[in-house]
Amino acid sequence: RKNTDATTDEDRARLEVVGEFHLGDLVNRFKHGSLVMRGGDSEGPQIPTLIFGTVNGVIGVVASLPKEEYEFMLKVQNALNQVVKGVGGLRHDEWRSFQNERVPCGREVKNFLDGDLIESFLDLRRERMEEVSRLVGMTSVEELCRRIEELQRLH
């Protein structure tokens, strides 16, 4: 996002950092759009999405969720970080922490959700699903599945 309140032209030209996320690849293209066809009569609000491509051929989606949905899915993501063990002992939130030449130690993810981690909920055994649902404060595993499946439809 541009910093329109800056006092100098140089500062106005510099983008303000509003989110950070370790993708594990270099993004070389962003394009407005979606990977799925959306009908005009679909229920619920239309969520704006960007498609991105990386130098290694990965195609991904960045979606701008409503604040309430973002906060809820952040709870789900945090619960999954407690329940799902990372590969090789590396926690998923550590893998996604942002780092670059200026930030070699890494910083926590900022204003991004990890859709891959959230969607992994749908592949868990029932006992694990119930544990995540309890941590999120939901009584119905089915309702949580439904909300995550809705999120899946964005790509």
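Keep in mind the model is a prediction, meaning the values are calculated, not measured. Per chain, the residues get numbers from 1 upward, laid out in the order the sequence is written. Local features are withheld for residues below a pLDDT of 70 in this predicted model, meaning they are given only at 70 or higher, and side-chain atom pairs are given and counted only at 80 or more; totals for whole chains, interfaces and linings count all residues. To obtain the side-chain values, all non-hydrogen atoms of the structure were used and water was disregarded.

1. Digging into the overall build of the protein chain
Numbering of helices and strands runs from the N terminus, with a helix taken as a DSSP run of H or I at least four residues long and a strand as a DSSP run of E at least two residues long. The number of helices and strands found in the protein chain is six helices and three strands. If you line up the protein chain on its principal axes, its C-alpha atoms span 55 × 45 × 35 Å. Exposed residues in this analysis have more than 50% of their type's maximum accessible area, buried residues have under 20%, and partly exposed residues fall in between, with area computed by a 1.4 Å probe over protein chains only. The buried share among the 155 residues of the protein chain stands at 27%. Any two residues whose heavy atoms approach within 4.5 Å at even a single point are treated as in contact. Look at the contacts in the protein chain between residues 6 or more apart in sequence, and 58% of them connect residues 24 or more apart. Method for areas: the Shrake-Rupley scheme with a 1.4 Å probe, in which residue coverage is limited to the protein chains shown. Split by element, the accessible area of the protein chain, about 10900 Å² in all, is 51% carbon and sulfur.

2. Thoughts on helix α5 (residues 126–136)
The set of residues buried in α5 consists of M129, V132, S133 and V136. For α5, the angular spread of buried residues about the axis comes to 100°, placing them on one side. On the buried face of α5, the contacting elements are α2 (67–83) and α6 (141–152). In the segment just after α5, G137 is the residue with positive phi, at about 95°. By arc we mean the arc of the directions from the helix axis to the C-beta atoms, nothing more.

3. Here's the deal with the packing of aromatic side chains
Geometrically, a pair of aromatic rings is defined through the distance of the ring centres and the angle of the planes. For Phe, Tyr and Trp, where Trp contributes only its six-membered ring, two rings pair if their centres lie within 6.5 Å, and the inter-plane angle classes them as stacked under 30 degrees, edge-to-face over 60, or tilted in between. The final tally for this structure, using the stated rule, is two aromatic pairs. Directly above the ring of F72 sits R147, whose terminal nitrogen or CZ lies 3.7 Å from the centroid. Lysine and arginine charges are scored as sitting over a ring when NZ or CZ, respectively, is within 6 Å of the ring centre and within 35 degrees of the ring normal.

4. Thoughts on the environment of D11
Residue placement: D11 occurs in helix α1 (residues 9–13). According to the relative accessible area criterion, D11 is partly exposed, its value standing at 31%. Considered as a pair, D11 and L90 are 79 residues apart in the sequence and their alpha carbons are 38 Å apart.

5. Focus: the layout of surface pockets
A pocket, in this scheme, is an open set of points on a 1 Å grid over the protein atoms alone with protein on both sides within 12 Å along at least 5 of 7 lines, while a cavity is a set where a 1.4 Å probe fits but cannot get out; residues line either one if an atom lies within 4 Å of a point. Grid points are joined across faces, edges and corners, and a volume is the space filled by probe spheres set on the points. A volume near 1700 Å³ is recorded for the largest pocket. As for the largest pocket, its lining consists of 42 residues, of which F21, F52, V61, V62 and F112 are closest to the centre. Counting only elements with at least two residues in the lining of the largest pocket, the list comes to β1 (27–32), β2 (49–54), β3 (59–63) and α4 (115–119). Counting residues per element, the lining of the largest pocket draws most heavily on β3, which supplies five residues.

6. Brief notes about the pairing of β1
The element β1 is barely covered by neighbouring structure, given that only zero of its six residues are classed as buried. Two elements, β1 and β2, share five bridges in a ladder whose sense is antiparallel. Its bridge partner lying in β2, H32 is registered against L50. Think of it this way: DSSP has to see at least two bridges between two strands before they count as a pair.

7. Focus on the nonpolar core
In summary, soluble globular proteins display a tendency toward joint burial of nonpolar side chains. Ranked by internal contacts, the top residues of the largest apolar core, which has 23 residues, are M73, V76, F121, V132 and L144. At the level of elements, α2, α4, α5 and α6 are the ones that each hand at least two residues to this core. Here this core takes six residues from α2, the largest share from any one element. Here the nonpolar core consists of buried residues drawn from Ala, Val, Leu, Ile, Met, Phe, Trp, Tyr and Cys, with membership extended through side-chain atoms lying within 4.5 Å.

8. Looking at the side chain of N81
Take N81: it is sitting in helix α2. Excluding residues within four positions of it along the chain, N81 makes contact with R91, H92, D93 and L117.

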